[in-house]
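Chain residues, written in single-letter form:
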Amino acid sequence: MKRVLICTVGLVLAAVAEPLPPLPEGAFTYCVIPDTQLYRGEGAHVKPGKPQQTGPTRNPAFTSRVNWIAENVAKERIFFVSHVGDIVDFKNEAQWNFASNLMTRLDGLVPYGISPGNHDLAGEDSRDFNRYFPRERYQGKAWYAGGFDGCPGLKPGSLVSGGNANSCQLVEAGGVKFVFLHLECNAPAPVLKWVDAMLAKHADRRAIICTHMAVGFRTRQIDMDRRQLKDQVPPEEWFGVMDWTKCHGANGVSAEEAWRTCFSKHRNLILIVSGDQGPAIAARETRKGIAGNTVHLTLQDYPRKADSDDWLRLYRFHGDMRAIDVITYSPGQNLVCEKAGHRKRRDCHVFTLPLDP
């Protein structure tokens, strides 16, 4: 009996510790890097009263993700990479230098875009982000289609929404043409008018939007309430498209308002990916656009407590474009995610999104 029990436990563990399955024939992969705002060493963000860390600035999980992508572009047929924002903890030169240098591994290897998060902005000022990830870094790339030129008449000396803070990329994979838009956190109304123009201009392409805040705890009040839960699991009805903001003050547009005034109007839009909501971890919602098109909205902001928390989201498009297989994967552990924090169901992390014909 004891020998059988040990064997059974081994089988259960083997089922949980699943490595990444092979890429299906004809499929191609879109990679999404969740928030990377946990640094170690001299550049780490340390709470008041805590001793400063020592040693070189490093971010093992961020490094693991980027290295895996760089090493698997051909094998996984990776055609595009998005970073959902909060690339740094706070406005720290050591962190910016680290992130910029690390992302050079992808320069010239695979097209990518970054959506500045609230930690990357100073309320509305994107000067630091544009210093390290300027438009000029990408203008020579055939896939780079420019960005929003900025909002006039705001704070003198600040760079509001301009440069590369809101950008557009054009790529093709498996014979399918895509347009990607990477938007800053709570992009204001003038940016959304630019989004309207870009999606209309490229209406013949499947559209994907990456923005820092989209899905998570639906309202600011819910976000306050969840802080009182401690170890309790948040009710499922608390999750959805977010109706509150963190950036741009009164000019910031919530994801719910952006959906109503902009995103829902474009029949070529198929997917919106986001981060920001670490306490929510993972969530998704499906909506219908005005034209009846299906749009999937997903959250991926996984725990960052350990160096091995290097979770990546892999969106594997079927060759016939009928569905996307979504897999949350840790390169460092070579594991597919079965559970994370209060999101203990496998289908929170591994699922399939059907696509319209």
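Scroll up a little and you will see the structure.
Residues numbered from 1 in each chain as written. Predicted model: local features only at pLDDT ≥ 70, side-chain atom pairs only at ≥ 80, totals over all residues. Heavy atoms only, no water.

### So, the layout of surface pockets
Space left empty within the atom packing is revealed by a probe, the size of a water molecule, rolled over the atoms.
Part 1: One number sums up the size of the largest pocket: a volume of about 920 Å³.
Part 2: Lining the largest pocket are 32 residues, and of these G278, P279, P303, R304 and K305 lie nearest its centre.
Part 3: Grouping the amino acids of the lining of the largest pocket by side-chain chemistry returns 11 nonpolar, 9 polar and 12 charged. (1 Å grid on protein atoms, 1.4 Å probe; cavity = no way out; pocket = protein on both sides within 12 Å on 5 of 7 lines; lining within 4 Å. Points joined across faces, edges and corners; volume = space filled by probe spheres on them. Nonpolar A, V, L, I, M, F, W, Y, C, P; charged D, E, K, R; others polar.)

### What to know about the packing of aromatic side chains
Part 1: Per the stated rule, a full pass over the model turns up 26 aromatic pairs.
Part 2: Taking the centre distance of 6.2 Å and the plane angle of 55° together, the rings of F79 and F180 count as tilted. With F79 in strand β2 (residues 78-83) and F180 in strand β6 (residues 176-183), the pair connects residues that are 101 residues apart, well separated along the chain.
Part 3: Looking at F79, the relative accessible area reads 8%, which means it is buried.
Part 4: What links up through ring pairs into an aromatic cluster is the set F28, Y30, F79, F80, F178, F180, Y315 and F317.
Part 5: Lying over the aromatic face of F351, R284 brings its terminal NZ or CZ to 3.9 Å of the ring centre.
Part 6: Its guanidinium or amino end placed over the ring of F239, R343 lies 4.1 Å from that ring's centre, counting from NZ or CZ. (Phe/Tyr/Trp six-rings, centres within 6.5 Å; stacked < 30°, edge-to-face > 60°. Helix = DSSP H or I, 4+ residues; strand = E, 2+ residues; numbered from the N terminus. Buried < 20%, exposed > 50% of the residue type's maximum accessible area, 1.4 Å probe, protein only. Lys NZ or Arg CZ within 6 Å of the ring centre and 35° of its normal.)

### Examining the pattern of salt bridges
Part 1: Following the criterion strictly, the structure yields 19 salt bridges and no others.
Part 2: For D196, the salt bridge identified is with K265, shortest N-O distance 3.4 Å. Here D196, found in helix α5 (residues 189-201), pairs with K265, found in the loop between α7 (255-261) and β10 (269-274); they are 69 residues apart in sequence, far enough to count as distant.
Part 3: Overall, D196 belongs to the buried group, its relative accessible area being 17%.
Part 4: Here E285 and R287 are joined by a salt bridge, their closest N and O atoms 2.7 Å apart.
Part 5: You can call R287 buried: its relative accessible area is 19%. (Salt bridge = Lys/Arg side-chain N within 4 Å of Asp/Glu carboxyl O.)

These values are about where atoms sit, not about what they do.
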